[in-house]
Amino acid sequence: MSATFSSRTVLVTGATSGIGYETARQLAERGATVLLHGRTAEEARAAADRLIATAGVEANQLCAYAADFTRLDEVETLAHKVVTEHPHLDALVNNAGMAAPERHTVTTDGNEIAFQVNFLAHYLLTCLLEPALTTGPGGRVINVSSSLHRTASISWADPNRARRYSRLAAYAQSQLALTVFAADPRVTAVSVHPGVCDTALLPLYSHEGVTPAEGAAHVVRLCDPAVEIVNGAYYDRAERVDPAPAATEDRTVMRLNKLADLLVGRTA
């Protein structure tokens, strides 16, 4: 057990399967207190039970939380609950994600579904958790992004892509937004492409991928306080590389924040 994790509290979104579940497992095995987020309370509790049964993790190290990211009011409720119960948070892993559907789909909040689930929900969650992440030094955010962000552009005039919808373009836009958001100065954040992993998103990339555990190891490394990080940095697995040029432009970061605030109904 790594001493560096024993007193740390980390929230992992989308922790019920794939990279999120493996990230939660590896953090808990190293002694961290892990807040497991799932779409439903049942899914989150099942993931916690599985970790206790199979990974030998202590029950008191795990807390299950639920929020459906297609509903921003549930994201707000989740954030307030976390801040109340864990006023000090060492790390937030923004991992929950979905492939954009074949057909253009809009949430009850009025946003294209992949843009909301993959980016806007995480944007809102991170903003609301800022007090907990900045109560002490070293609080950090790890955005689980994708190399596909390089193929993307943000459609500023039509972020919902209502006029011209392509599922790959919609997914890539959500990953670019998440990567750009890491450069936001409010909380130290990085983004990481965990490699092409054998998860539900695999068909977007190829036919074969590494195990979710291998992908998760790159995420867990960035949660380690012993690993120094620079705000806005982008990692391709273990290696720090340059992200797409848009992700390093202050103007783009400010423009994206303005758009996101508008779409999640936050007033500055």
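Criteria and cut-off values
- Residues numbered from 1 in each chain as written.
- Predicted model: local features only at pLDDT ≥ 70, side-chain atom pairs only at ≥ 80, totals over all residues.
- Heavy atoms only, no water.
- Salt bridge = Lys/Arg side-chain N within 4 Å of Asp/Glu carboxyl O.
- Helix = DSSP H or I, 4+ residues; strand = E, 2+ residues; numbered from the N terminus.
- Buried < 20%, exposed > 50% of the residue type's maximum accessible area, 1.4 Å probe, protein only.
- Core = buried A, V, L, I, M, F, W, Y, C linked by side-chain atoms within 4.5 Å.
- Contact = heavy atoms within 4.5 Å.
- Axes fitted to C-alpha atoms, helices over the stretch in contact; angles between N-to-C directions.
- Parallel < 35°, antiparallel > 145°, perpendicular 65-115°, else oblique.
- Left-handed = near helix turned anticlockwise from the far one by under 90°.
- Nonpolar A, V, L, I, M, F, W, Y, C, P; charged D, E, K, R; others polar.

(A) View of the pattern of salt bridges. All chains considered together, the criterion is met by 10 salt bridges. Arg25 serves as the salt-bridge partner of Glu22, at 2.6 Å between the closest nitrogen and oxygen. Highlighted residues: Glu22 and Arg25, both in helix H1 (residues 18-29), separated by 3 residues, approximately one helical turn. Its salt-bridge partner being Arg39, residue Glu43 comes within 3.0 Å of it at the nearest N-O pair. Classification of Glu43 as partly exposed rests on a relative accessible area of 30%. Members of the salt-bridge network, linked through shared partners, are Glu22, Arg25 and Glu29.

(B) How the structure looks around the nonpolar core. Core analysis: the biggest nonpolar cluster contains 47 residues, and Leu11, Phe69, Val82, Leu89, Phe119, Leu125 and Leu129 have the highest contact counts within it. Every element with two or more residues in this core is listed here: helix H3 (72-85), helix H4 (113-133), helix H5 (167-181) and helix H7 (250-264). The element best represented in this core is H4, accounting for 14 residues. Apart from the residues within four sequence positions on either side, Leu125 is in contact with Leu11, Thr13, Phe69, Val75, Leu78, Ala79, Leu92 and Asn94. Counting 33 residues, the second-largest nonpolar core is a separate cluster that includes Ala48, Ala55, Val220 and Leu222.

(C) Structural view of the packing of H3 against H4. One can describe the packing of H3 onto H4 by two numbers: an axis separation of 9 Å at closest approach and a directional angle of 30 degrees. When the interaxial angle is binned, H3 and H4 end up roughly parallel. Our pair here, H3 against H4, has a crossing hand that is right-handed. Along the contact surface, H3 presents Leu72, Val75, Glu76, Leu78, Ala79, His80, Val82 and Val83, while H4 presents Gln116, Ala121, Leu124, Leu125, Leu128, Leu129 and Ala132. A class-by-class count of the residues in the contact of H3 with H4 yields 12 nonpolar, 2 polar and 1 charged.

(D) A look at unusual backbone geometry. At Arg161, a residue that is not glycine, the phi angle is positive and equals roughly 50 degrees. Considering the arrangement of structural elements, one finds Arg161 in the loop between strand E5 (140-144) and H5. One non-glycine residue with positive phi stands out, namely Arg237, at about 55 degrees. Looking at where Arg237 falls in the secondary structure, it is placed in the loop between strand E7 (234-236) and strand E8 (239-241). The exposure class assigned to Arg237 is partly exposed, which follows from its relative accessible area of 41%.

(E) Quick look at the packing of H1 against helix H2 (residues 41-54). Across the interface, H1 lies against H2 with an axial gap of 11 Å and an inter-helix angle of 45 degrees. In terms of orientation, H1 and H2 fall into the oblique class. Considering how the two elements wind past one another, H1 and H2 form a crossing that is right-handed. Here H1 contributes Tyr21, Ala24 and Arg25 to the contact with H2, which in turn contributes Ala47, Arg50, Leu51 and Thr54. The residue inventory of the contact of H1 with H2, partitioned by class, reads 4 nonpolar, 1 polar and 2 charged.

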